[in-house]
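# What the coordinates show
So you can see what is in the structure, the chains are spelled out below.
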Amino acid sequence: MDELRGVGWQRLLAAARRRLEQTGGMIDGSVGLANPSEAERRVIIGITGTYRPETVKRLTVSLADLDDALTKMHGMGLLQALASVGGPVRDRLAERAAEVSGRQALLAAAQSAACASEPWFAEWLSAMTADGTLTRLVRRGDTHLIGQATAVLDQLPATFVPLPVLAESATGDTKALVAGSPLATLVLRALALRSGAPAPPSDRTGQRALWESVGVIVDDLASQVLVLNVRTRGDEVVSRWLNDAAAFGIPFRLTLHQQGEHPVVPVAEEIFVCENPAVLRAAAAELGARSAALVCTEGIPSAACHKLLAAATAAGSRLRWRADFDWTGLRIVEAAAARHGASPWRMGATDYAAGLAEGESTPLTGSRSGSPWDTALAEAMAAEGRAVMEERLIPLLRTDLSADA
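To keep things clear, this report deals only with the structure shown in the data block. (Residues numbered from 1 in each chain as written. Predicted model: local features only at pLDDT ≥ 70, side-chain atom pairs only at ≥ 80, totals over all residues. Heavy atoms only, no water.)

## Looking at the pattern of salt bridges
Counted under the stated rule, the structure contains 19 salt bridges. A salt bridge links Asp 131 to Arg 189; the shortest N-O distance between them is 3.0 Å. Note that Asp 131 is positioned in the loop between helix H6 (119-130) and helix H7 (133-140) and Arg 189 in helix H10 (residues 182-195), a separation of 58 residues in sequence. The partly exposed category is assigned to Asp 131, whose relative accessible area is 35%. As a salt-bridge pair, Glu 360 and Arg 386 come within 3.7 Å of each other at their nearest N and O atoms. Placement of Glu 360 in the loop between helix H17 (349-356) and helix H18 (375-384) and of Arg 386 in the loop between H18 and helix H19 (394-401) is noted, with a sequence separation of 26 residues between them. (Salt bridge = Lys/Arg side-chain N within 4 Å of Asp/Glu carboxyl O. Helix = DSSP H or I, 4+ residues; strand = E, 2+ residues; numbered from the N terminus. Buried < 20%, exposed > 50% of the residue type's maximum accessible area, 1.4 Å probe, protein only.)

## Some details on the nonpolar core
Of all hydrophobic cores here, the largest spans 59 residues; its most connected members are Ile 271, Leu 294, Val 295 and Trp 321. Among all residues touching Val 295, those that are not within four sequence positions of it are Val 225, Leu 226, Val 227, Val 230, Ile 271, Phe 272, Val 273, Cys 274, Cys 305, Leu 308 and Leu 309. Core analysis: the second largest hydrophobic core is formed by 40 residues, Cys 115, Met 128, Ala 176 and Ala 190 among them. (Core = buried A, V, L, I, M, F, W, Y, C linked by side-chain atoms within 4.5 Å. Contact = heavy atoms within 4.5 Å.)

## Re the packing of aromatic side chains
Across all of its chains, the model carries five aromatic pairs by this definition. On the basis of an interplanar angle of 45 degrees and a centroid distance of 6.5 Å, the ring pair of Trp 241 and Phe 252 is categorised as tilted. Of this pair, Trp 241 sits in helix H12 (residues 237-247) while Phe 252 is found in strand E7 (residues 252-255), placing the two residues 11 residues apart along the sequence. You can call Trp 241 partly exposed: its relative accessible area is 39%. For Phe 252, a relative accessible area of 17% gives the class buried. For the pair Phe 325 and Tyr 352, a centre-to-centre distance of 5.6 Å together with 65 degrees between the ring planes defines the contact as edge-to-face. In this pair, Phe 325 is assigned in the loop between strand E11 (318-321) and helix H16 (327-340) and Tyr 352 in helix H17, connecting sequence segments 27 residues apart. Of the two residues, Phe 325 and Tyr 352, neither departs from the other in class, the shared state being buried. Among the aromatic residues, ring-to-ring pairing joins Trp 120, Phe 121 and Trp 124 into one connected group. Here Arg 322 stacks its cationic end above the ring of Phe 325, 5.2 Å away from the centre of that ring. (Phe/Tyr/Trp six-rings, centres within 6.5 Å; stacked < 30°, edge-to-face > 60°. Lys NZ or Arg CZ within 6 Å of the ring centre and 35° of its normal.)

## As for the sheet that holds E7
Taken in spatial order, the six strands line up as E7-E5-E10-E9-E11-E12 in an open sheet, and their pairing is mixed. In this open sheet, the two edge strands, each paired with only one partner strand, are E7 and strand E12 (343-344). Of the pairings in the sheet, the one linking strand E9 (residues 270-274) to E11 comprises four bridges and is parallel in character. Across the sheet, residue Ile 271 finds its bridge partner in E11, namely Leu 319. Strands in contact with helix H14 (residues 277-286) are strand E5 (224-228), E9 and strand E10 (294-296); relative to E5, the strand with the most contacts, it is inclined by about 30 degrees. (Pairing = 2+ DSSP bridges. Axes fitted to C-alpha atoms, helices over the stretch in contact; angles between N-to-C directions.)

## Notes on the environment of Ala 292
Locating Ala 292 in the fold gives a position in the loop between H14 and E10. Taking relative accessible area as the criterion, Ala 292 reaches 22% and is therefore assigned partly exposed. Spatially, the C-alpha atoms of Ala 292 and Ala 268 are 8.5 Å apart, while their sequence positions differ by 24 residues. For Ala 292, the contacting residues outside a window of four places in its chain are Leu 228, Asn 229, Phe 272 and Leu 401.

And the structure:
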């Protein structure tokens, strides 16, 4: 078969392979070579028995003639010859049909998920269909990952469950959701859409925050919350740290691990919650110990934040919560009301208009959210198409936080 690996045969057999793979191995039709070399011209003359001058720019040969010639020369037909020199001829028609069937089976199986009726779930499946993710899973034989992903999603949101525990519960493998694993990638895509983001963060910090947004703990030391003047009852070491910091109006970072080892119970009658550290920094600098209790989520609330505020509300504290005037901010405040019974803090349409009047703002991005506490707010934001960050409202927020207020 060495002859078939020569320069006279290589392009011809490659063209024949492409043709057969597209037609399911049917030996009909013909293949051609543009600008054939001398060696290729001689091969085709030998196959067809017809002279072709050197001036001919394209030579064709029927697959039937090629099959007959190879049978006479080597005792095997075209399909066998191709398999001998380059591996079996693929049936791409059958492969595509199998891929379509595999995708349909995946989509049908996914509909049994408890969260299948959620809009973000349908968007997740649609996105994976459109970008070829489902096809790649079918080709690799990894279709079980979709079932595992839906099993994980059906257990969310959770309440401070460690990531390995969630992985073992959903898949039987404690390491199935480690950072960068195929399953973690699929689940994070769904969680991003669930939160209103088009895609999950690419960095580990952002991914950890996304897990924590649904109550999954990746690292209880890394999960933390920034607080100012949050006083507590009790004489545990962490409570003493918080009380000492509050006595001097010093910002303090509290980790989930600290709360787990030494539970704290806030005693503030009212706790204010903001999204951006600039607000807390301004309160610390200008009000110090005279500021009301303030918690900063620094974006989507962490598990440490949720644990602290859950302890606070259980002890009788009222929460006044705000975030940026963007779609994510509205979702954060709505979720806070549902989870902690929080009241919006300067999160009305008039507050948005006042901030907007202060100057240019960045465009709103992402999927639209509602504002059930003030429907006019979401409508105004959609009409203006602009976001307003919390920093614009610092003078008003600082007044609210002042002990004099």
